[in-house]
Amino acid sequence: MRRLLVLLVVALGLAPGTWVRSPVPPPDRRQILEITALSIPPADLGPLDLTGVWQLDSPNDDFGGFSALVSLGGGTLLAASDRGSTMEFSTPGTRPSRFRIGYSAVRGYEPTTERDLEALARDPASGRIWAAFETVNRIERYEADFTASARVWPDAMRSWSVNQGAEAMVRLADGRFIVLAEGTGQWFRGDMPGLLFPTDPVESAEPIRFHLTPPAGFRPVDLAQLPDGRVLILLRKVEWGLPPTFAAKLVVADPAEIAAGRAWRAAPVADLAAPLPADNYEGLTVESDGRGGATLWVISDDNDSRFQRTLLLRLVWRANDKARGVDRAPQ
């Protein structure tokens, strides 16, 4: 009898926690973005000057996880997450300021693997935007108002790894597209598959196949074209620990040197390392200053982790970069 009474007391003690549940809060869709300026550390970045570091925060449920970045012009950037949400926001200091976030890119896509958006590209003339999805190796095209107009699963990407597929993409000024995979899906393979499409990839043009061999452990996560025609490649390396940390590099390569079946050679530019704040930098875009120089914007993916932040870096690429030793990749 004593044992039964003890069990009854335990059961009654557990009952409120077992049967009574707090109401699930409604989705937070508030269009609020907090931008906090951080100190600019002194850093030797070769041809780059670090001119701004900010932390971005929002209570919106769709905020975070940003893996792609593109400039919309006029002081506005568009970021996209690997959950498929998009965030349009003004760069710090731009007035009037604007902010809009939501699942505008992949509304209704299920399962979530269909929403694994990893790269963005844009045609400044038409305003069209292209998105690359890693898990399903798909490319979609959107009109300037971000309504989907076409999609394709390129044959050349069908053999790419599910979890290391289309990760980086850029539309070149001449209308060609470069797409890089994050990996090969094979152990001990250091070369990353790449494609050079002669036109819009959703038009099913046959691309040139090549590969990129980054420094050991690094993988390409985004691309952006400089005013001189060369392409900056953002590389990321995961350093496993508790918690994991990340290293990032910028390298530069010339699209004119892409050849079928060959390695695309890249030259080092800078390490995004201490004293810069370290995080999972995944998005890169370039804005020309019209004089040969450019402004680079880099955004980090917080992986929805409390150990990470959404950081935004602003770097200035000086027009006389070759005088600082950043020249063509070695032949």
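Please refer to the structure placed before this passage.
Just so you know, these numbers come straight off a predicted model, no measurement behind them.

For this particular structure, what's the right way to read the nonpolar core?
If you look at soluble globular proteins, the nonpolar side chains tend to sit buried side by side. With 27 residues, the main nonpolar core has L48, L232, L234 and L296 as its most contacted residues. Of all elements in the fold, only β2 (48–57), β15 (219–225), β16 (231–239), β17 (245–253), β19 (267–271), β20 (281–288), β21 (294–300) and β22 (310–317) reach the threshold of two or more residues within this core. L180, F210, V231 and V251 belong to the second-largest nonpolar core, a separate cluster that totals 18 residues.

I would appreciate a short explanation of the sheet that holds strand β13 (residues 192–197) in the present structure.
Pairing between the strands of a sheet comes from backbone hydrogen bonds, and it takes one of two forms, parallel or antiparallel. Spatially, β11-β12-β13-β14-β18 is the arrangement adopted by the five strands of the open sheet, whose pairing is mixed. For this open sheet the edge positions go to β11 (166–171) and β18 (263–264), each flanked by a neighbour on one side alone. The pairing of β13 with strand β14 (residues 208–212) spans five bridges and is classified as antiparallel. Note on β14: the bridge partner recorded for G194 is F210.

Looking at this model, I keep getting lost on the pattern of salt bridges. Mind explaining?
Between side chains of opposite charge, a pair can form when the charged atoms approach closely. Scanning the model with the defined rule gives 20 salt bridges in all. With a closest N to O distance of 2.8 Å, R98 and E88 form a salt bridge. Within this pair, whereas R98 is found in the loop between β5 (86–90) and β6 (99–102), its partner E88 is found in strand β5, the two being separated by ten residues in sequence. A single salt-bridge network, built from bridges that share partners, covers R29, D61 and D62.

Sorry, what's going on with the pairing of β14 here?
Regular strands place their side chains on alternate faces of the sheet. Strand direction decides the pairing type here: β14 and β18, joined by two bridges, are parallel. Paired with L212 across the strands is W264, a residue of β18.

Mind showing me how you'd approach the sheet that holds β6 here?
The strand order β3-β4-β5-β6 describes an open sheet built from four strands, whose pairing is antiparallel. Edge strands, defined here as strands with exactly one partner in the open sheet, are β3 (66–73) and β6. Here the average twist between neighbouring strands, direction ignored, is 15°. Bridging between strand β4 (residues 76–81) and β5 involves five bridges; their strand directions are antiparallel. Residue pairing for β5: L77 is matched across the bridge by F89.

Is there a simple way to explain the packing of aromatic side chains in this structure?
The relative placement of two aromatic rings is captured by the distance of their centres and the angle of their planes. With the rule as written, the count across this model stands at five aromatic pairs. Consider the rings of Y142 and F146, whose centres lie 4.5 Å apart with planes at 15°: the pair is stacked. F146 shares its class with Y142; the two are buried. Taking the centre distance of 5.6 Å and the plane angle of 85° together, the rings of F210 and W264 count as edge-to-face. With F210 in strand β14 and W264 in strand β18, this residue pair connects regions lying 54 residues apart in the sequence. Across the pair, W264 and F210 agree in class, each one buried.

Reading the values: the criteria
Residues numbered from 1 in each chain as written. Predicted model: local features only at pLDDT ≥ 70, side-chain atom pairs only at ≥ 80, totals over all residues. Heavy atoms only, no water. Core = buried A, V, L, I, M, F, W, Y, C linked by side-chain atoms within 4.5 Å. Buried < 20%, exposed > 50% of the residue type's maximum accessible area, 1.4 Å probe, protein only. Helix = DSSP H or I, 4+ residues; strand = E, 2+ residues; numbered from the N terminus. Pairing = 2+ DSSP bridges. Salt bridge = Lys/Arg side-chain N within 4 Å of Asp/Glu carboxyl O. Axes fitted to C-alpha atoms, helices over the stretch in contact; angles between N-to-C directions. Phe/Tyr/Trp six-rings, centres within 6.5 Å; stacked < 30°, edge-to-face > 60°.

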